[in-house]
Amino acid sequence: MIKRLIWNDMRQNKLLCAATVFFMAIPALLPALTVLLAFSLLGAIDSLMDRAVAPDYMQMHTGTLDVQEISRFAAGREEIKDWQICRFLNLENSRITLGDSSLADSTQDNGLCVQGERFDYLLDTENHIPEVPAGEVYVPVCYRTMYDLAPGDVMRIGDYQLRIAGFLRDALMNSMMASSKRFLVNRADYDRISDAPQNSGSLQEEYLVQFRLRDGTDMDQFAGAYADRGLPANGPVITRPLIRMMNALSDGTMIFVLFLLSIVILFISLLCIRFMLLLQMERDRKEAGMLKALGVGKKDIRRLYFAKYLVFSGCGAPCGLLAAALFLPPMAEQLRELYGARSGGVLPAALAAAAVLAVEAMILLPVRHSLKRLWKLSALEAVNVSAGQRTEDRGKYAVTGLVAAACTLLVLIPGNLYSTMSAPEFVTCMGIGNSQIRMDVRQTGQTDDVTTKIALALERDAQVSRYAVLRTTVCPAVLPDGKTVNLNVETGSHDVFPVDYSSGKMPADSNEIALSSINAKELGLSVGDCLRLIVDEKEADYTVCGIYSDITNGGRTAKAHVLPGRTSAVWSVVYASLAQQAGKEAWMEQYQQMGAGVTDIADYVKDTYGQTLVQVHKAGIMAMAVAALVITLVVMLFMRLIVEKNRYTISLHKALGFTSQDLKRMYFIRGICPVLAGICAGIVLGSLTGERLCAMVLQSFGADSFRFVTGWGRIAIRIPAVLAGPAVLAVLAGIWHIRHIRAYECCMGRE
C-alpha cells in the first residue's frame, strides 16, 4: 500500500517530485566531483614524482662547485640514500624561439639539461623516460598549449636549431609557480651549445645539487647540517614537500572553489527541500485527515512521507554521482596534460560515494526533523515560524530571496577570486612591488656588476619616474635551538614599491629584518623576536619588524634594509615605473640587452598564475551555470506553487473586476522584488565573507594579506545576465497559469 500511495503521489505532483530529485542530485554532484578531482590531482602528482624519482632536497647553485667536498659530506651522512649533481644551462629568453613564438617576454628562467643519471628523470607525455637523439629537444608540456606547439616544430637558440621531438613532464618544475623550466637535449647538443663561441658570455651554467633521503629524515636538520658545512648554496633550496605543494596549489585552487560552491549549494538545497516538504504537507492536509480517520497514526504518516523522500534521495544520489563522473574528464583535462593520467582505483570512487551519502544524510535528517515538529503548521507559516502569523505575508517570499543571495555568492566567489589573482595589485600579496616593470638579474656570473650598471642607467633615464634595486643574498640564520638554516635575504629600498604586511612594518633600520609568512611560521618567529644571521662569517642580531605575504621562491624569503660587509648578491630584482607608456616595448628591449630579464608586471602575474587562472575560470563557468539553473527552477517552482495556493484569492479578484494582466503584474512585483533584494544582499555578503573564504586557500601560498580586487563593472553585467535575467523569465513562467484561473472558481468554495 505504501508503494502505491507514493507512486500515486508522484504521478499527481510531477513538477514537485522532479524538483525534489534535482535538489537531491545537485548537492551530491559537487562534493563527489571535488573528491574525484582531489584524488586525480594528488594521485597524479605523487605518481609523477615517484616515476621521475624526484629528489627530497635540492640546492640550486651558481658559481664554482667543489664536487669532492659534497661527496665527503654525502659519505658521512647516513640519511642520504643517493646524490647527484645536474647541470642546468641558462639561456637568454630573447634568443629562444619555439615554433613562431619568441620567449623574449617569458618570465621563466629557461635552460637546457640532460637526463638525470640515477634519479630526477624528465618524462614524456606517456610518463616514460625518453632518449633524446642528437639535434632534437623535449619541451616542457606547459608550453605546448601556450605556444601552440607540435612535434616536428623547430626550437631556435640563437643560430642553433633543434627539432621538437616531444614534450616532457618535470616533477620539479612542472608548475608555472616554479620560476625555471628545463628543456631536455642530448649530451652532445648540450656541450655544443655551451661551448659555442657565439654563446660565450650569454650563457651561465647552474648546478642542481640533489639528494635522496631516507624515510623519516628531518628536513630542517638536514638543511642545517648542509649549511654548517659551508657547502655551495648560491641559490634557492627546493624540498620534496615544497615541490608537491607548488604542483598541488597551481591546480588545487579550482578544487577549493568547488568545495566552497558545494557548501552554498547544500544550503540552497536544504532550504528548497524544506519549503517544498512543508508546502506539500499543507496541500495534503485533507488526505492526511482521511488517513487519520482510517486509524493511521501520525508516526505512520510521517514514515510514509519520509519513505517518499528516501525514494527521491535514492534517485538523486546516483544522478549526482553519475554527473560528477561525466564532468570529471573536462575538468581534469589540464591535470592530465601536466601530470598524466592516474589509475582510477576503488578508493576515489568509494570516497566519492561516501561524500554523496554524507550529503544525502545531511538533507534527510532535517526532513525527518521537520516531519516531527511542523506537521500542524502551514507551509507559509513554517517558512517564517518565529515571526508569527501577523508577519506571514512578508515571510512567504523569503525563500526566493535567500536562494537568490546564495546563488549570488555562488557566482561572486570564483569571479572575484579570478579578478583578484589577475589584477596587477595582487602582486603586493605575492611579495612583489606594485611597479610597471620588473627586471631580474640572475645566473650572469656578474650579478653585482650588471645590477650596478642598470641602476646607473635608470638614474639617468628621464623616462623613469621611480625605481628600486633589491639584491638577494643567502645568509645562514641561527635558530634559538642552535640549528642553522639558509635565508634568502633581500636588501635595498623597500619603501619605494612596498609589499603588503600582515603584521608589523617594513625594515627601516640596519638591525631590522622582515620575514615572509611561511618563513615566520616555520621558524616560529613573530614581530619583536630576535633572529641571528651569519654575514661574512660574523654573527649579527636582527629584530623581526614585520611579517609580509610572499609566494616567490617558495615563499621563504626575508627583507632587510642593509647587511654589513660586502656580501655578493645571488640575484637582483629591479623595479621601475615609467613616466609615460609610449615606447615601453623599446625601453624594455633596451634594458634587456644589459643582461636582465625585463618583464611587464601584468605579464609576470599572468605567467605565474596561468594554470591556476584557467582552473578558476572553469570553476567560475560551472558555478554560473549551476546558479542560473538553480535560481530559475526555484523561482519558477515557487511562483507556480504560490499561484496554485492562492487560486481562490486570484479567482475572487477576477470576479471583482481585476484582469489577468493586473494580477500578473502584482504577482510579478511580489516575486521579483525578493529576488533582486537577495541578489543585492548576496553581493554585499560575498564581498565580505567570500574574501575570508578565499583567503584560506591563498594563505597556503603565503599570501596572508589577501584582499579582494572586485571588478564592479563585470559584476554589474554578469549578475543581471546570470541571475536577474533568468529570475525574471522564471517569475513570468511561474505566474503564467494565472490566465487559466476563472472568476467563477471562487463561488465553488475553498477546500
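As the structure is a computational prediction, the values presented were derived from the model and not from experiment. (Residues numbered from 1 in each chain as written. Predicted model: local features only at pLDDT ≥ 70, side-chain atom pairs only at ≥ 80, totals over all residues. Heavy atoms only, no water.)

Caption draft 1: Region of the structure containing the overall build of the chain. Counting its regular elements, the chain contains 22 helices and 22 strands. Expressed as a percentage of the 751 residues in the chain, the buried residues total 55%. Here the analysis covers contacts within the chain between residues at least 6 apart in sequence; of these, 82% occur between residues at least 24 apart. On the chain, roughly 32,200 Å² of surface is accessible, and the fraction owed to carbon and sulfur atoms is 56%. (Helix = DSSP H or I, 4+ residues; strand = E, 2+ residues; numbered from the N terminus. Buried < 20%, exposed > 50% of the residue type's maximum accessible area, 1.4 Å probe, protein only. Contact = heavy atoms within 4.5 Å. Areas by Shrake-Rupley, 256 points an atom, 1.4 Å probe, with all protein chains shown as cover.)

Caption draft 2: Region of the structure containing the environment of Arg466. Inspection of the secondary structure assignment puts Arg466 in strand E14 (residues 464-478). Take Arg466: its relative accessible area is 41%, and that puts it in the partly exposed class. Those residues in contact with Arg466, other than ones at most four positions away along the chain, are Val496, Phe497, Tyr575, Ala576 and Ser577. Within the structure, the side chain of Arg466 is placed 2.9 Å from the backbone oxygen of Val496, a separation counted as a polar contact. (Polar contact = N/O pair within 3.5 Å; in protein donor to acceptor, adjacent residues only side chain to side chain.)

Caption draft 3: Representation of the nonpolar core in the model. Ranked by internal contacts, the top residues of the largest apolar core, which has 153 residues, are Leu37, Leu112, Met155, Ile268 and Val630. Leaving out residues up to four positions away in the same chain, Met155 has contacts with Leu91, Ile96, Thr97, Leu98, Leu112, Val137, Tyr160, Gln161, Leu162, Ile164 and Phe183. Judged by nonpolar contacts, the second largest core, of 21 residues, contains Ala477, Leu515, Leu533 and Val544. (Core = buried A, V, L, I, M, F, W, Y, C linked by side-chain atoms within 4.5 Å.)

Caption draft 4: Broad picture of the confidence of the model for the chain. When the pLDDT values of the chain are averaged, the result is 81; 85% of them are 70 or greater. Of all helices and strands in the chain, the one with the weakest mean pLDDT is helix H12 (residues 379-383) (43), whereas strand E7 (residues 136-140) scores best (93). pLDDT under 50 marks residues 377-393. Its contacts with residues more than four places away, or in other chains, come to 26 contacts. (pLDDT = per-residue confidence, 0-100.)

Caption draft 5: Here's a closer look at a negative patch on the surface. Together, Asp105, Glu585, Glu589 and Asp603 make up a region of like negative charge exposed at the surface. According to the relative accessible area criterion, Asp105 is partly exposed, its value standing at 46%. (Patch = residues over 30% accessible without salt bridge, like charges linked within 9 Å, V, L, I, M, F, W, Y side chains within 5 Å. Salt bridge = Lys/Arg side-chain N within 4 Å of Asp/Glu carboxyl O. Lys, Arg positive; Asp, Glu negative; His and termini not counted. Charge placed at Lys NZ, Arg CZ, Asp CG, Glu CD.)

Caption draft 6: Geometry of the pattern of salt bridges. Scanning the model with the defined rule gives 22 salt bridges in all. A salt bridge links Glu69 to Arg229; its shortest N-O distance comes to 3.1 Å. With Glu69 in helix H3 (residues 67-75) and Arg229 in the loop between helix H6 (219-228) and strand E12 (237-239), this residue pair connects regions lying 160 residues apart in the sequence. Classification of Glu69 as partly exposed rests on a relative accessible area of 22%.

Caption draft 7: Local environment of the packing of aromatic side chains. For the structure shown, the criterion picks out 15 aromatic pairs. A connected cluster of aromatic rings, assembled from ring pairs, spans Tyr57, Phe73, Phe211, Phe222 and Tyr226. Taking the ring centre of Phe306 as reference, the NZ or CZ of Arg368 above it sits at 5.4 Å. (Phe/Tyr/Trp six-rings, centres within 6.5 Å; stacked < 30°, edge-to-face > 60°. Lys NZ or Arg CZ within 6 Å of the ring centre and 35° of its normal.)

Caption draft 8: Quick peek at a nonpolar patch on the surface. Nonpolar side chains collect at one region of the surface, where Leu652, Leu656 and Phe658 lie side by side and expose about 300 Å² of accessible area between them. Position of Leu652 among the secondary structure elements: in helix H20 (residues 647-655).

Caption draft 9: Region of interest: the packing of helix H14 (residues 398-421) against helix H19 (residues 610-645). Contact geometry for H14 and H19: axes closest at 9 Å, N-to-C directions at 165°. The angle between H14 and H19 falls in the class roughly antiparallel. Crossing geometry of H14 relative to H19 is assigned as left-handed. (Axes fitted to C-alpha atoms, helices over the stretch in contact; angles between N-to-C directions. Parallel < 35°, antiparallel > 145°, perpendicular 65-115°, else oblique. Left-handed = near helix turned anticlockwise from the far one by under 90°.)

Caption draft 10: Highlighting H14. Here H14 is 24 residues long and its end C-alpha atoms lie 35 Å apart, about the 34 Å a rise of 1.5 Å per residue gives. Along its length, H14 shows its largest kink, about 25°, at Leu412, and proline Pro414 lies within four residues downstream of that point. Counting buried positions along H14 yields 21 of 24 residues, so the element is predominantly enclosed. (Expected span 1.5 Å × (residues − 1). Bend = angle between axes of the 7 residues up to and from the residue.)

Caption draft 11: Looking closely at the pairing of strand E2 (residues 80-90). For E2, the tally of buried residues reaches 8 of 11 residues, placing the bulk of the element in the interior. Taken together, the 10 bridges between E2 and strand E11 (residues 204-213) define a ladder with antiparallel strand orientation. Opposite Gln84, over in E11, you have Gln210 as the bridge partner. Pairing of E2 with strand E5 (residues 109-113), which is carried by 2 bridges, proceeds in the antiparallel orientation. Paired with Asn90 across the strands is Gly111, a residue of E5. (Pairing = 2+ DSSP bridges.)

Caption draft 12: Structural detail: the pairing of E5. Burial runs high along E5: 5 of the 5 residues are buried. Alternating positions in E5 separate into two faces, Asp109, Gly111 and Cys113 on one and Asn110 and Leu112 on the other, with burial throughout. One ladder, built from 5 bridges, connects E5 with strand E10 (residues 180-185); its direction is parallel. Bridging from a neighbouring strand, Cys113 pairs with Leu184 of E10.

Caption draft 13: Looking closely at the packing of helix H2 (residues 14-52) against H19. Relative orientation of the contacting elements H2 and H19 amounts to 160°, with a least axis distance of 11 Å. The orientation of H2 relative to H19 falls into the category roughly antiparallel. Seen along the crossing, H2 lies across H19 with a hand that is left-handed. Across the interface between the two elements, Leu15, Leu16, Ala19, Phe22, Phe23, Ile26, Leu29, Leu30 and Leu33 from H2 touch Met622, Val626, Leu629, Val630, Leu633, Val634, Leu637, Arg640 and Leu641 from H19.

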